[in-house]
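Per-entry structural report
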Amino acid sequence: MPIDAKLPYDDGNIFARILRGELPNKTVMESEHSLAFHDINPLAPIHVLVIPKGAYVSWDDFADQASDAEIADLTRMVGKVAVAVGADTQGYRLLSNVGKRAGQEVAHLHVHIFGGAPLGPMLAS
Ligand code: AMP
């Protein structure tokens, strides 16, 4: 179920605008179904976002609605980007915030890749 099943996907969200070319981004990698770009406000030396090009609000929405090709493409891109930016050499973290409790700010599915420094505990206390 999407984060708020009562609301439709909002085409005006920032990542939808990036995908339409209305806002700039620092692209790391692009494929048929996915786009990876640097986070505008990095929280680690390496902080890249990977998003599907399709209109999915969350991981569960994506898992339920996306085609196998889209899911394979995004999953592979996450791994490829981690290697391409050198995050794999000393370890990295993947994170996808879903919904209010997780603090999701942009209602278009995105996977954060963090790396380049020790990342501390998994959750802030
Ligand atoms: P979340 O809190 O998981 O929804 O994360 C949203 C992320 O999007 C934050 O880390 C923001 O810094 C990032 N962000 C917001 N606007 C942009 C943008 N125009 N380009 C790149 N990253 C962005």
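No experiment lies behind these values; they were computed from the predicted model shown. (Residues numbered from 1 in each chain as written. Predicted model: local features only at pLDDT ≥ 70, side-chain atom pairs only at ≥ 80, totals over all residues. Heavy atoms only, no water.)

Quick word on the nonpolar core
Ranked by internal contacts, the top residues of the largest apolar core, which has 15 residues, are Ala36, Val48, Val50, Phe62, Leu74, Val81 and Ile113. Those elements that place two or more of their residues in this core are strand E3 (46-52), helix H3 (68-84) and strand E5 (111-115). Of all the elements, H3 adds the most residues to this core, at four residues. Apart from the residues lying within four places of it in its own chain, the contact partners of Ala36 are Lys26, Thr27, Val28, Met29, Val48, Leu49, Val50, Met77 and Val81. (Core = buried A, V, L, I, M, F, W, Y, C linked by side-chain atoms within 4.5 Å. Buried < 20%, exposed > 50% of the residue type's maximum accessible area, 1.4 Å probe, protein only. Helix = DSSP H or I, 4+ residues; strand = E, 2+ residues; numbered from the N terminus. Contact = heavy atoms within 4.5 Å.)

A few points about the confidence of the model for the protein
When pLDDT is averaged along the protein, the result is 94, and 94% of the positions lie at 70 or above. Least confident of the elements in the protein is helix H2 (residues 59-65), whose mean pLDDT is 96; most confident is strand E2 (residues 34-38), at 99. (pLDDT = per-residue confidence, 0-100.)

Some words on the sheet that holds E5
Taken in spatial order, the five strands of this open sheet run E1-E2-E3-E5-E4, and their pairing is antiparallel. Edge positions in the open sheet fall to strand E1 (27-30) and strand E4 (92-95), since each of these has one partner strand only. Each adjacent strand pair in this sheet contributes to an overall mean axis angle of 20°, direction not counted. In the sheet, E4 pairs with E5 via four bridges, with the strands oriented antiparallel. Along E5, the bridge assignment pairs Arg93 with Phe114. (Pairing = 2+ DSSP bridges. Axes fitted to C-alpha atoms, helices over the stretch in contact; angles between N-to-C directions.)

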